[in-house]
Amino acid sequence: MTLYQKRKAINHFNMAMCVLTTIFGLFWLVWLLWTLVSHGIGYIDWQVFTEPTPAPGNDGGLSNAIVGSVIVTAVGTLIGAPIGIFAGTYLAEYGRGSRIAAVVRFFNDVLLSAPSIIIGLFVYEIVVVTMGHFSALAGGIALSLIMIPLNVRITENMMRLVSDQMREAAAALGIPRWKVITRIIYRAALSGIITGVILGIARIAGETAPLLFTALNNNFFSTNLLAPIANLPIMIFQFALSPYEDWHHLAWVGAFLITFAILALNVVVRFVLRPSK
């Protein structure tokens, strides 16, 4: 076998393995989505979006859990996204090579890999115990602590991908550094930063463990940030473990709604932020 034939055979082997591993991963993804669709979509009706969670054997929906999940996720995003973006901006623009930045990166990596239940226990001790009761605000704070390290890492990486020549050209024109960051660097890295925020939302939208110790649950419709609030992850957890068939159906519907809401959000954001021709 010649050297060319040997390299060609290795190339074909590597390509075949890449295709097989891709198909293997897609198989489980398609299976997961099909399971959610087959078990959940058949039980979706207007009652799901207009009625609160029912007692066993009664008719009801998920309106309180849907609204509660939106509120808790929004609170976590409004707290976590700005902090993560600003911290990532510091690491990318002001802290290059500094010891403080190295320490921040280290602890950010530790927090990034921390189990979510530990974060939930931390917020329980700091917020819930201090307030004396569970609340949507405590749940949002717990979710923000999960979101922050992810946004820090992605924002820093996206801003570092922007060429230093753009910074140097702007500095040569006498543009202040803060304006270079906001008018040039942010615009160049906007797609990646927004994608990081979307990934953060996708990460926290289905978290259950932190909410068990912070927001808990509420069988009634509530939008009070200072009181326990219903949410889809806790509802899915409780209904899936119940012995009631109608609750099982609602658990599948909740899982379906969370999964495809995040999928739709990703598709819309990528469509809006697609590069213009």
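Look up: the structure comes first, before these words.
Residues numbered from 1 in each chain as written. Predicted model: local features only at pLDDT ≥ 70, side-chain atom pairs only at ≥ 80, totals over all residues. Heavy atoms only, no water.

(A) Quick look at the overall build of the chain. Along the chain, the regular secondary structure elements total eleven helices and zero strands. Seen through its principal axes, the chain has C-alpha atoms that stretch 65 × 60 × 35 Å. Taking contacts inside the chain between residues at least 6 apart in sequence as the whole, the part at least 24 apart equals 73%. Taking the 17 positively charged and 12 negatively charged side chains of the chain as two groups, their mean positions are separated by 23 Å. (Helix = DSSP H or I, 4+ residues; strand = E, 2+ residues; numbered from the N terminus. Contact = heavy atoms within 4.5 Å. Lys, Arg positive; Asp, Glu negative; His and termini not counted. Charge placed at Lys NZ, Arg CZ, Asp CG, Glu CD.)

(B) Fine view of the pattern of salt bridges. With the rule as written, the count across this model stands at seven salt bridges. Linking arginine 167 and glutamate 93 is a salt bridge whose minimum nitrogen-to-oxygen distance equals 2.6 Å. Of this pair, arginine 167 sits in helix α7 (residues 164–172) while glutamate 93 sits in helix α3 (residues 63–94); the two residues are 74 residues apart in sequence, bridging distant segments of the chain. Put simply, aspartate 164 and arginine 167 hold a salt bridge, and the shortest N to O gap is 2.9 Å. With aspartate 164 and arginine 167 both in helix α7 and three residues apart, the pair spans about one turn of that helix. Under the relative-accessibility criterion, arginine 167 is labelled buried at 12%. If you follow the salt bridges from partner to partner, you end up with Glu93, Arg96, Asp164 and Arg167 in one network. (Salt bridge = Lys/Arg side-chain N within 4 Å of Asp/Glu carboxyl O. Buried < 20%, exposed > 50% of the residue type's maximum accessible area, 1.4 Å probe, protein only.)

(C) Fine view of unusual backbone geometry. Backbone geometry at leucine 216 places phi at a positive 60°, although glycine is not the residue there. Summarising the element assignment, leucine 216 is placed in the loop between α9 (209–212) and α10 (232–240).

(D) Local environment of the packing of aromatic side chains. Evaluation of the coordinates by the stated rule reveals nine aromatic pairs. Centre to centre, the rings of phenylalanine 239 and tryptophan 247 are 4.3 Å apart; their planes meet at 10°, and the pair counts as stacked. You'll find phenylalanine 239 and tryptophan 247 in the same group, each marked buried. On the basis of an interplanar angle of 75° and a centroid distance of 5.3 Å, the ring pair of tyrosine 244 and tryptophan 247 is categorised as edge-to-face. By relative accessible area, which is 15% here, tryptophan 247 ends up buried. Through a chain of ring-to-ring contacts, three or more aromatic side chains come together here, namely Phe24, Phe27, Trp28 and Trp31. (Phe/Tyr/Trp six-rings, centres within 6.5 Å; stacked < 30°, edge-to-face > 60°.)

(E) Representation of the packing of α7 against helix α8 (residues 177–205) in the model. Across the interface, α7 lies against α8 with an axial gap of 11 Å and an inter-helix angle of 155°. Comparing the axis directions of α7 and α8 gives the class roughly antiparallel. The handedness of the crossing between α7 and α8 is right-handed. Along the contact surface, α7 presents Met166, Arg167 and Ala170, while α8 presents Val180, Ile184, Ile185 and Ala188. For the contact of α7 with α8, a count of residues per class yields six nonpolar, no polar and one charged. (Axes fitted to C-alpha atoms, helices over the stretch in contact; angles between N-to-C directions. Parallel < 35°, antiparallel > 145°, perpendicular 65-115°, else oblique. Left-handed = near helix turned anticlockwise from the far one by under 90°. Nonpolar A, V, L, I, M, F, W, Y, C, P; charged D, E, K, R; others polar.)

(F) Spotlight on the packing of helix α6 (residues 136–160) against α8. Orientation of α6 relative to α8, taken along the N-to-C sense of each, is 145°, at an axis distance of 8 Å. The two elements α6 and α8 meet at a crossing, and its hand is right-handed. Split by residue class, the contact of α6 with α8 holds 16 nonpolar, five polar and one charged.

(G) Looking closely at a nonpolar patch on the surface. A cluster of nonpolar side chains, contributed by Phe24, Phe27, Trp28, Trp31 and Trp34, occupies part of the molecular surface with about 660 Å² of accessible area. Among the structural elements, phenylalanine 27 can be located in helix α1 (residues 3–40). (Patch = residues over 30% accessible without salt bridge, like charges linked within 9 Å, V, L, I, M, F, W, Y side chains within 5 Å. Areas by Shrake-Rupley, 256 points an atom, 1.4 Å probe, with all protein chains shown as cover.)

(H) Just the environment of arginine 270, in detail. Topologically, arginine 270 is positioned in helix α11 (residues 245–272). Note on arginine 270: relative accessible area 55%, which makes it exposed. In this structure the C-alpha to C-alpha distance between arginine 270 and leucine 145, which are 125 residues apart in sequence, comes to 25 Å.

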